[in-house]
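Analysis of the macromolecular model
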Amino acid sequence: MNVLVAGGAGYIGSHVVRELKEAGHSVVVYDSLEHGHTQAVAGCELIQGDIGDPVTLSSVFAQYKPDVVMNFAAYTSVAESMTDPAKYYHNNVRKTLVLLDTMVHEGIRHIVFSSSAAVYGEPERIPVDEDARCLPTNVYGETKLMVETILAAYDRAYGLRYASLRYFNAAGAHPEGDIGEDHDPETQLIPLVLMTALGLRPRLQVFGQDYDTPDGTCVRDYIHVSDLASAHTLAAEALVEGAGSRIYNLGNGQGYTVRQVIETARRITGREIPAVDAPRRPGDPAVLVASSDKIKDELGWTPRFPDLEDIIATAWEWHKSHPKGYRS
Ligand code: UFG
């Protein structure tokens, strides 16, 4: 396949780019480099551009004629989406609409879209399957659901086929240790825990201790970023081979509390990792655990790193060797 990866220089995008190339596909990365890192896609064809720029997009589509587009270009902070919703509606929805319109105009018919468990909000039942009610509790989740709504309409009207992948908690780093998570500012639990283990932060704050969970802290389903990557390759291959549009959850079906994550990280790193109780973070659902049976049954997806230990161990290798991320 010829694949254009928008946002390919970011955390998940760069792992997908690596996976696609290893599977023998031809890849061009399209990234504004606002948050992406050129070092994350070293040796790849990289075009600096914005998904909201139809002129540059058109010429790139005309030149590379991708069979499929993947879109990782989005802002991802739940908290920021509540304080600056305009930024999220403009970037995650309006600019994605420009990308989709340009694809339709240029006759490119397949897209793999990065969606999120945030579309579900506070789930009615666990594990969450793809038929669960979608009622996002934050603007970030709303933007992902809006794009899914647009995709369904563009499929019906223009024949644009899509796979929308709803990630639960992406974590870990490439087992080769040369690409990994580097956000500024960092807000995700596992990198923050490991940065605390390295002494780069004095302590970890545990947000909320009174949830209805085994130890009172939130439960999440962590999925290795390389397993997310293989799911993207499978979904793209299926689309190019003629499959219809699909929505898939991506998680391991296993929930861990915040305290269990910290304990596991203490074991793996052998470091103390000071943690203090802090108030609940607004908008956090108590429990999010995926059923990923649909993508396993339909595409034969099999995670290689389903264990939390392996997920944290690969992240630890990355953070130890790159304490300042790509600036190390
Ligand atoms: N947490 C802490 N302390 C921290 C950071 C996080 O206790 O310093 C807790 C959070 O409160 C939450 C858990 O760790 O209970 C995981 O938090 P993350 O920020 O790592 O991840 P989220 O579950 O908030 O976010 C994920 C995805 C988002 C998605 C969201 C849906 O990263 O893209 O799930 O709720 F929108």
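As the structure is a prediction and not an experimental result, all values here were calculated from the model.

Residues in contact with the ligand amount to 21 residues; listed here are only the nearest, L189, Q205, R220, R281 and D284. Note that an oxygen atom of the ligand is positioned 3.4 Å from one of the side-chain N or O atoms of Y140. One nitrogen or oxygen atom from the side chain of Q188 is found 3.2 Å from an oxygen atom belonging to the ligand. Here the ligand loses 93% of its free accessible area of 690 Å² to cover by the protein chains. Of all the secondary-structure elements, those providing two or more residues to the shell around the ligand are helix 6 (189-197) and strand 8 (204-207). At four residues, the largest contribution of residues to the shell around the ligand is made by strand 8. Taken together, the residues of the shell around the ligand break down into 13 nonpolar, five polar and three charged. Structurally, the shell around the ligand is a two-domain feature, drawing no fewer than three residues from each of domain 1 (2-171 + 223-250) and domain 2 (189-220 + 253-327).

Turning next to the packing of helix 1 (residues 11-22) against helix 7 (residues 225-240). For any two helices packed against each other, the geometry comes down to the angle between their axes and how far apart the axes lie. In contact at an axis separation of 8 Å, helix 1 and helix 7 are set at 60 degrees when each is read in the N-to-C sense. The angle between the axes of helix 1 and helix 7 places the two elements in the oblique class. Judged by the twist between their axes, the crossing of helix 1 over helix 7 is right-handed. Taking contact as the criterion, the partners of Y11, I12, H15, V16, E19 and L20 in helix 1 are, on helix 7, V225, S226, L228, A229, S230, H232 and T233. By residue class, the composition of the contact of helix 1 with helix 7 is seven nonpolar, five polar and one charged.

This brings us to the environment of V112. The residue V112 is located in strand 5 (residues 110-116) in this model. V112 sits in the buried class, given a relative accessible area of 1%. When the C-alpha positions of V112 and A235 are compared, they lie 7.1 Å apart, and in sequence the two are 123 residues distant. Here V112 is in contact with V68, V69, M70, N71, A163, L165, H232, A235, A236 and L239, once residues within four sequence places are set aside.

With that settled, the discussion passes to the domain arrangement of the protein chain. Under the domain assignment used here, the protein chain contains domain 1 (2-171 + 223-250) and domain 2 (189-220 + 253-327). One C-alpha centre belongs to domain 1, the other to domain 2, and the line joining them spans 24 Å. The partner domain 2 presents 26 residues to the 31 residues of domain 1 that form the contact. Buried area between domain 1 and domain 2, summed over both chains or domains, comes out near 2400 Å², and the portion from carbon and sulfur atoms is 64%. Between the two partners, domain 1 and domain 2, sit one salt bridge. Here domain 1 and domain 2 share 14 residue pairs in polar contact (both at pLDDT 80 or more) between them. For the side of domain 1 that touches domain 2, the elements supplying multiple residues, two or more each, are strand 7 (169-171), strand 10 (222-224), helix 7 and strand 11 (246-250). Among the elements that take part in the side of domain 1 that touches domain 2, helix 7 stands out by supplying seven residues, more than any other. Here the side of domain 1 that touches domain 2 is built from residues that sort into 16 nonpolar, 10 polar and five charged.

Counting residues in hydrophobic clusters, the biggest one holds 35 residues, and the most contacted among them are V5, I12, M70 and L250. Among the elements of the structure, strand 1 (2-6), helix 1, strand 2 (26-31), strand 4 (68-71), strand 6 (161-167), helix 7, strand 11 and helix 9 (293-299) are those that each provide at least two residues to this core. Those residues in contact with I12 that sit more than four places away from it in its chain are F72, Y167, A170, V225 and L228. One finds C218, V258, A265 and I311 within the second-largest nonpolar core, a separate group that totals 26 residues.

Attention now moves to the sheet that holds strand 14 (residues 287-288). The three strands lie next to each other as 12-9-14, forming an open sheet whose pairing is mixed. One side of each edge strand has no neighbouring strand; the edge strands of this open sheet are strand 12 (256-257) and strand 14.

Attention now goes to the pairing of strand 6. The buried count for strand 6 comes to six of seven residues, which makes it a mostly enclosed element. Taken together, the seven bridges between strand 5 and strand 6 define a ladder with parallel strand orientation. Bridge pairing links F113 to S164 in strand 6. Crossover connection from strand 5 via helix 5 (residues 139-158) to parallel strand 6: handedness right-handed. One ladder, built from five bridges, connects strand 6 with strand 11; its direction is parallel. Along strand 11, the bridge assignment pairs R166 with N249.

Here the focus is the sheet that holds strand 11. Across the sheet, seven strands lie side by side as 3-2-1-4-5-6-11; this open sheet has parallel pairing. Each having just a single partner strand, strand 3 (45-48) and strand 11 make up the two edges of the open sheet. The mean inter-strand angle of the sheet, taken between neighbouring strand axes irrespective of direction, is 20 degrees.

About the thresholds
- Residues numbered from 1 in each chain as written.
- Predicted model: local features only at pLDDT ≥ 70, side-chain atom pairs only at ≥ 80, totals over all residues.
- Heavy atoms only, no water.
- Near = heavy atom within 4 Å.
- Polar contact = N/O pair within 3.5 Å; in protein donor to acceptor, adjacent residues only side chain to side chain.
- Areas by Shrake-Rupley, 256 points an atom, 1.4 Å probe, with all protein chains shown as cover.
- Helix = DSSP H or I, 4+ residues; strand = E, 2+ residues; numbered from the N terminus.
- Nonpolar A, V, L, I, M, F, W, Y, C, P; charged D, E, K, R; others polar.
- Domains from an automatic or database assignment.
- Axes fitted to C-alpha atoms, helices over the stretch in contact; angles between N-to-C directions.
- Parallel < 35°, antiparallel > 145°, perpendicular 65-115°, else oblique.
- Left-handed = near helix turned anticlockwise from the far one by under 90°.
- Contact = heavy atoms within 4.5 Å.
- Buried < 20%, exposed > 50% of the residue type's maximum accessible area, 1.4 Å probe, protein only.
- Buried area = accessible area lost by both parts, 1.4 Å probe.
- Salt bridge = Lys/Arg side-chain N within 4 Å of Asp/Glu carboxyl O.
- Core = buried A, V, L, I, M, F, W, Y, C linked by side-chain atoms within 4.5 Å.
- Pairing = 2+ DSSP bridges.
- Right-handed = clockwise from strand over helix to strand, strands pointing away.

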